[in-house]
Amino acid sequence: MVSRVIPVDEFDLVIFGGTGDLARRKILPGLFRRYLAGQMPKGSRIIGAARSEMDSDGYRAMIAEAIAEFGGEERKDSTELNGFLETLHYVAIDAQGDGGWTELFDVTRDGVIQAFYFSVAPSLFGDLAERLHKHGIADDTSRIVVEKPFGRDLASAKALNDTLAAHFEERQIYRIDHYLGKETVQNLMAVRFGNVLFEPLWNSHYVDHIQITVAETVGVGGRGAYYDKSGAMRDMVQNHLMQLLCLIAMEPPSVFGADEVRDEKLKVIRALQPVEPHHIVRGQYDADADSPSYRADVENPRSFTESFIAMKVQVSNWRWADTPFYLRTGKKLKGRASEIAVVFKDLGHSIFEGDTARHRNILAIRLQPNEGMDLQVTIKEPGPGGMRLIDVPLDMTFADALGEDSEPATDAYERLIMDVIRGNQTLFMRGDEVEAAWAWTDPLIDGWEGRNDVPKHYEQGSAGPEDAMMLMHRDGRRWRDIKG
Ligand code: NAP
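The structure reproduced in this document is the subject of the present report. (Residues numbered from 1 in each chain as written. Predicted model: local features only at pLDDT ≥ 70, side-chain atom pairs only at ≥ 80, totals over all residues. Heavy atoms only, no water.)

Some thoughts on the site of the ligand
Near the ligand there are 21 residues, and of these Thr 19, Asp 21, Arg 25, Arg 51 and Ser 52 occur at the shortest range. One nitrogen or oxygen atom from the main chain of Gly 17 is found 3.4 Å from an oxygen atom belonging to the ligand. Side-chain polar atom of Ser 52 to an oxygen atom of the ligand: 2.4 Å apart, as the coordinates give it. With the chains in place, 73% of the 890 Å² that the ligand exposes on its own is no longer accessible. The greatest single-element share of the shell around the ligand, amounting to three residues, is contributed by helix α1 (residues 21–36). A class-by-class count of the residues in the shell around the ligand yields nine nonpolar, six polar and six charged. (Near = heavy atom within 4 Å. Polar contact = N/O pair within 3.5 Å; in protein donor to acceptor, adjacent residues only side chain to side chain. Areas by Shrake-Rupley, 256 points an atom, 1.4 Å probe, with all protein chains shown as cover. Helix = DSSP H or I, 4+ residues; strand = E, 2+ residues; numbered from the N terminus. Nonpolar A, V, L, I, M, F, W, Y, C, P; charged D, E, K, R; others polar.)

Concerning the pairing of strand β4 (residues 113–118)
Here β4 lies mainly inside the structure; six of its six residues are buried. Pairing of strand β1 (residues 11–16) with β4 involves six bridges; the strand directions are parallel. Looking at the pairing, Val 14 lines up with Phe 116 of β4. Relative to strand β5 (residues 143–146), β4 is paired through four bridges, and the arrangement is parallel. Considered in β5, the bridge of Phe 118 is made with Val 146. (Buried < 20%, exposed > 50% of the residue type's maximum accessible area, 1.4 Å probe, protein only. Pairing = 2+ DSSP bridges.)

Here we look at the packing of helix α7 (residues 183–194) against helix α9 (residues 231–249)
Close contact between α7 and α9 brings their axes to 10 Å; oriented N to C, the two are set at 10°. Taken as axis vectors, α7 and α9 run roughly parallel relative to one another. Across from Val 185, Leu 188, Met 189 and Arg 192 in α7, the residues of α9 making contact are Leu 244, Leu 247, Ile 248 and Ala 249. Of the residues assigned to the contact of α7 with α9, the class counts are seven nonpolar, no polar and one charged. (Axes fitted to C-alpha atoms, helices over the stretch in contact; angles between N-to-C directions. Parallel < 35°, antiparallel > 145°, perpendicular 65-115°, else oblique. Contact = heavy atoms within 4.5 Å.)

Describing the packing of aromatic side chains
Under the definition given, this model contains 15 aromatic pairs. Note on Phe 16 and Phe 116: the rings are 6.4 Å apart at their centroids and 25° apart in plane angle, and the pair reads as stacked. Of this pair, Phe 16 sits in strand β1 while Phe 116 sits in strand β4, and the two are 100 residues apart along the sequence. The exposure classification of Phe 16 matches that of Phe 116, with both residues buried. In this structure an aromatic cluster arises from ring pairing among Phe 16, Trp 101, Phe 116, Phe 118 and Phe 125. The cationic tip of Arg 175 hangs over the ring face of Phe 150; the distance from NZ or CZ to the ring centre is 5.1 Å. For Lys 332, the ring lying beneath its charged end belongs to Tyr 285, and the centroid distance is 5.7 Å. (Phe/Tyr/Trp six-rings, centres within 6.5 Å; stacked < 30°, edge-to-face > 60°. Lys NZ or Arg CZ within 6 Å of the ring centre and 35° of its normal.)

Set out below in structure tokens:
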């Protein structure tokens, strides 16, 4: 199957923080792939902006190196690379000073789509937004893209929203949660709302529970100082896992439009019940023979920040009453695997004599590795010997199902950036969604901080603390194995 590349209109994309880690690792290699796919129209420009002094040629050399390091297979085609590099420009600018803005004004153009990617610390968002207007560079057709973290609590998220709203309307603001750009996450909506098969069963009458797991094998890496102030709840649950939960739990929107989808997600967040302390398990990884403990990694021997969290969450509405959502995420776990598993209820009655095993249909949606899904179904074990039943997965890996000619695995970032250029906000978080998510998260964090809860220990390479297993076992359920 050959994929269709839908062209976008000519654009100028200014990347503030264009020399930073995110720009070099994700944004520019992603844009290069869009260029290779023929989606970047002729004449479009990418303008890197940061304080470092260099000219456009220096910037091109920097990005060529970044693409060589992070660009994947595509980097090998040097003729195409030169064409891409020619679209790059650079302006030395200080978000907090006045130098460089006239140059930026000169290099950007009227009459093409203008997007400004704020790939800098959130403390600079206000400075950038203000100066873009003060120097007449942005207008009411411009778009801005902002990165996580969007606040660290409700008050700071509100302050950030107010800062941006002073200069841009909500329709101009694209808050990135790159999980929403993942192919499988969008497929979740296609599967739910594009098939007759699942939606009738998608409720507490048929669904026993839902598990959402985002497991990493890496530790905090070089982000120790940042991570220790954040923890798994703020870094992963408040944004990525909650977005996944929303897509699973939301009602069908009337159309697949930006506000229609986001209205439905917002209703889910507002229907989340406060979580009881005994339904939350927080953990920190221990040292093992080869690598240090969490506390050593973050250089804080008294840290109470969690590198793992598991929780049982209840969505209090007509569809989901009595169907718990179990969420877990952590670092240094046994596999790098993200999945959503919809575990259906047992059959009320079995007609097969002697079959006492519990058979369950499970729809598992894999975000990584091998994006795809499998549906566990019960069949007859082959061979003579009567009706013995076994559970087998009907497995579909998208790469296999769609064939080699399908679009190469598009990274979430490149897909989302193209949505910005198209002006499609469906896969971006709206301000009220972010605030509602913090309004639910804040009391939970305040709760464990107020109680001075000490995170449980867990071994590196395990599935997390023993208490996380108990969270499920108490309810007569168990976590799915973390593969990957
Ligand atoms: P980084 O590597 O520290 O880069 C920061 C960038 O901002 C650099 O280009 C820096 O260049 C520029 N900068 C700093 N102060 C500036 C100023 N006053 N005026 C203009 N430019 C300035 O950070 P990063 O990892 O790329 O992260 C950027 C943002 O994305 C952060 O908000 C981060 O939380 C978020 N984020 C990053 C990742 C990731 O994987 N890296 C993932 C999710 C979210 P100069 O020093 O030359 O000015």
